[in-house]
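Spelled out from the first residue to the last, the chains are:
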Amino acid sequence: MTASPTVRLDVPQDDLFGIHNLPYGVYSLPGRAPRVGTRYGGHVVDLATLLGDEVFAGPSLNPFMAQGHDRWVQARSAIAGALRGEIPREAVHSAAEVTLHLPFDVADYVDFYASEHHAANLGRLFRPDNPEPLMPNWKHLPVGYHGRAASVVVSGTDIIRPAGQRKGPTDPAPVFGPSTRLDIEAELGFVVGTGNALGEPVAAGQAERHLFGVVLFNDWSARDIQAWEYVPLGPNLGKSFASTVSPWVVPLLALTEARVPTPVQVPEVLPYLALDAPWGLDIDLEVEWNGEVVSRPPYSAMYWSPAQMLAHLTVNGAPTRTGDLFASGTVSGPDKEQRGAFIELTWGGAQPVTVAGRQRTFLEDGDEVVLRATAPGPGGTRIGFGEARGRVVPARHGREG
């Protein structure tokens, strides 16, 4: 019997998708069904072929994630070991020649509001006469709301301008039509690999055994629809029409070098949110608008940590499942050029920014927004997250009035 051809992949260690990263995604070739792969340099490597494990032969990461933390550790070690040697040529595909898909089946979705800088800026915008920009609960718990899992889409999916009710400050009555204040929110999304049973909360100190990985997350937001609907129950149609995720899930196991302390939390948090060493992530995001970088939000500035968000999400006994997704809320830093939403960057539209030579506030049809990010890896390397890309296309229904 003739041995199958093999190949050795020569990928520099400082490549954003080098041996220290090894993210998971779902890809397909023309005429073939989607399968799970890893990105290694400019290649997508089929994991079922590489490891001989059929859990990777399907169109979703969920079966693998459901195997649990110990299996994630073992698989990551096996992938790295295999890629350091000769591997089957049939497992290797050019990243430029594959189609990338939503990497996991989203079971449920919650969005948080974890940036103090973002929350304070919006408080100043919405409540200018209140000397305290944060609501009284904000520093006691990670504020969040439940979103719509079915409208989470993979990078590259067009974003249809949503229609809905809106009412300006001087309008005598609400009108219906396409949103005129369409915005973005640059966030990170955290993927739950194994969930908790009903009535059994996840302790903050155990959260990382449940958290599989991290994606870029753009929570597209119709600010005019949101402003009219959100009192008293919070965001609904202004948020539920689309959220874009990157196609590569960077394992939490790859982000050891990116761990940093969270900002000091005052007042002291309640015991269920307490950690001996509260950890955040030193991840640098980049927001590109029509080819021009307009913001560089630092995730290291986030007040609430991923572990605290998961602990709060489940403290009432709510269950989570494999494939649940929770997002951080807009990532913003203390400086103007670090604001992760256009409502914040342009101060509600009052301070336009220049994009490709034009003064801009909110999104127009045809605009494209791309989120990118990197994090520190071992030995001074950087780890890449790929991109979350979306282009706004005209509303398909709804009329003015």
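Residues numbered from 1 in each chain as written. Predicted model: local features only at pLDDT ≥ 70, side-chain atom pairs only at ≥ 80, totals over all residues. Heavy atoms only, no water.

In the nomenclature of an unreviewed UniProt entry, the protein is known as fumarylacetoacetase of Streptomyces koyangensis. As stated in UniProt under Pathway (unreviewed entry), the record for the protein gives "Amino-acid degradation; L-phenylalanine degradation; acetoacetate and fumarate from L-phenylalanine: step 6/6." (UniProt positions renumbered as here; feature names shortened; annotations may be inferred.)

Chemist: Mind laying out the nonpolar core, listing which residues take part and the relevant values?
Modeler: Counting residues in each nonpolar core, the largest one holds 62 residues, and the members touching the most others are L255, I283, Y299 and F326. The greatest single-element share of this core, amounting to five residues, is contributed by helix α7 (residues 306-314). In terms of nonpolar packing, the next biggest core, distinct from the first, is built from 40 residues, I19, Y24, V26 and V36 among them. (Core = buried A, V, L, I, M, F, W, Y, C linked by side-chain atoms within 4.5 Å. Buried < 20%, exposed > 50% of the residue type's maximum accessible area, 1.4 Å probe, protein only. Helix = DSSP H or I, 4+ residues; strand = E, 2+ residues; numbered from the N terminus.)

Chemist: Report on the pairing of strand β4 (residues 43-46), specifying residues and quantitative values.
Modeler: For strand β3 (residues 35-40) and β4, the ladder comprises four bridges, and the chain directions are antiparallel. Bridge assignment links R39 to a residue of β4, and that residue is V44. Counting the residues between successive antiparallel strands, the hairpin from β3 to β4 contains two residues, one of them, G41, with a positive phi of roughly 60°. Where β4 and strand β6 (residues 92-94) come together, three bridges link them in antiparallel fashion. Bridge pairing in β6 places V45 opposite V92. (Pairing = 2+ DSSP bridges.)

Chemist: Describe the sheet that holds strand β22 (residues 284-289), naming the residues involved and giving the relevant values.
Modeler: With respect to topology, five strands assemble into an open sheet ordered β11-β28-β27-β22-β23, the strand pairing being mixed. Bordering the open sheet on either side are β11 (159-160) and β23 (292-295), each of which pairs with just one other strand. Taken together, the two bridges between β11 and strand β28 (residues 382-393) define a ladder with parallel strand orientation. Looking at the pairing, I159 lines up with V392 of β28.

Chemist: How would you summarise the domain arrangement of the protein if you had to cite specific residues and measurements?
Modeler: Quite often, the size of an interface is put as the accessible area lost when its parts meet. Taken as a whole, the protein is organised into domain 1 (8-101) and domain 2 (109-393). For domain 1 and domain 2, the distance between their C-alpha centres works out to 28 Å. Across the boundary between the two partners, domain 1 contributes 28 residues, which contact 27 residues of domain 2. Approximately 2200 Å² of surface area, both sides summed, lies buried where domain 1 meets domain 2, with 73% of it carried by carbon and sulfur atoms. Across the domain 1-domain 2 interface, the total number found is one salt bridge. Across the pair D70 and R209 runs a salt bridge whose closest N-O atoms are separated by 3.2 Å. Remark: the boundary between domain 1 and domain 2 carries five residue pairs in polar contact (both at pLDDT 80 or more). Among the secondary structure elements, those contributing two or more residues to the side of domain 1 that touches domain 2 are β2 (24-28), β3, α2 (62-65), α3 (69-83) and β7 (99-101). (Domains from an automatic or database assignment. Contact = heavy atoms within 4.5 Å. Buried area = accessible area lost by both parts, 1.4 Å probe. Salt bridge = Lys/Arg side-chain N within 4 Å of Asp/Glu carboxyl O. Polar contact = N/O pair within 3.5 Å; in protein donor to acceptor, adjacent residues only side chain to side chain.)

Chemist: Tell me what's going on with α7, and back it up with residues and numbers.
Modeler: Where burial is concerned, most of α7 is hidden: nine out of the nine residues are buried. Turning to α7, its buried residues number three or more, namely P306, A307, Q308, M309, L310, A311, H312, L313 and T314. Contact partners of the buried residues in α7: β8 (109-112), β15 (186-192), α5 (207-210), β16 (211-218), β21 (279-281) and β24 (325-327).

Chemist: Before we move on, can you summarise the UniProt feature "domain: Fumarylacetoacetase-like C-terminal" (unreviewed entry) in the protein with the specific residues and values?
Modeler: Per the UniProt record, "domain: Fumarylacetoacetase-like C-terminal" (unreviewed entry) is found at residues 110-393. Here residues 110-393 is 12% helix and 31% strand, with 26 Å between the C-alpha atoms at its ends.

Chemist: Any chance you could break down the packing of aromatic side chains for me, citing the residues and the numbers?
Modeler: All told, the structure shown has 13 aromatic pairs when counted by the stated rule. Between W72 and F212 the ring centres are 5.2 Å apart and the planes differ by 80°, which places this aromatic pair in the edge-to-face class. Within this pair, whereas W72 is found in helix α3, its partner F212 is found in strand β16, the two being separated by 140 residues in sequence. The exposure classification of W72 matches that of F212, with both residues buried. By way of ring pairs, the aromatic residues Y24, F56, F64, W72 and F212 are connected into one cluster. (Phe/Tyr/Trp six-rings, centres within 6.5 Å; stacked < 30°, edge-to-face > 60°.)

Chemist: Which residues make up the pairing of β8, and what are the values?
Modeler: Here β8 shows a buried face lined by Y109 and D111 and a second buried face lined by V110 and F112. Pairing analysis gives three bridges linking β8 to β24, with the strands arranged parallel. Bridge pairing in β24 places Y109 opposite L325. Pairing between β8 and strand β9 (residues 144-146): three bridges, direction antiparallel.

Chemist: Break down the pattern of salt bridges for me, citing the residues and quoting the values.
Modeler: Throughout the structure, instances matching the rule amount to 23 salt bridges. With a closest N to O distance of 2.3 Å, R71 and D53 form a salt bridge. One end of the pair, R71, is in helix α3; the other, D53, is in the loop between α1 (47-51) and α2, and 18 residues separate them in sequence. For R382, the salt bridge is made with D284, and the minimal N-O distance between the two is 3.3 Å. Of this pair, R382 sits in strand β28 while D284 is found in strand β22, placing the two residues 98 residues apart along the sequence. The network of salt bridges with shared partners includes E286, E288, R296, E368, R372, E387, R389 and R391.

Chemist: Give a detailed account of the environment of D276, specifying residues and quantitative values.
Modeler: By the secondary structure assignment, D276 is in the loop between β20 (259-261) and β21. Note on D276: relative accessible area 89%, which makes it exposed. Sequence spacing of D276 and Y24 is 252 residues, and the spatial spacing of their C-alpha atoms is 30 Å.

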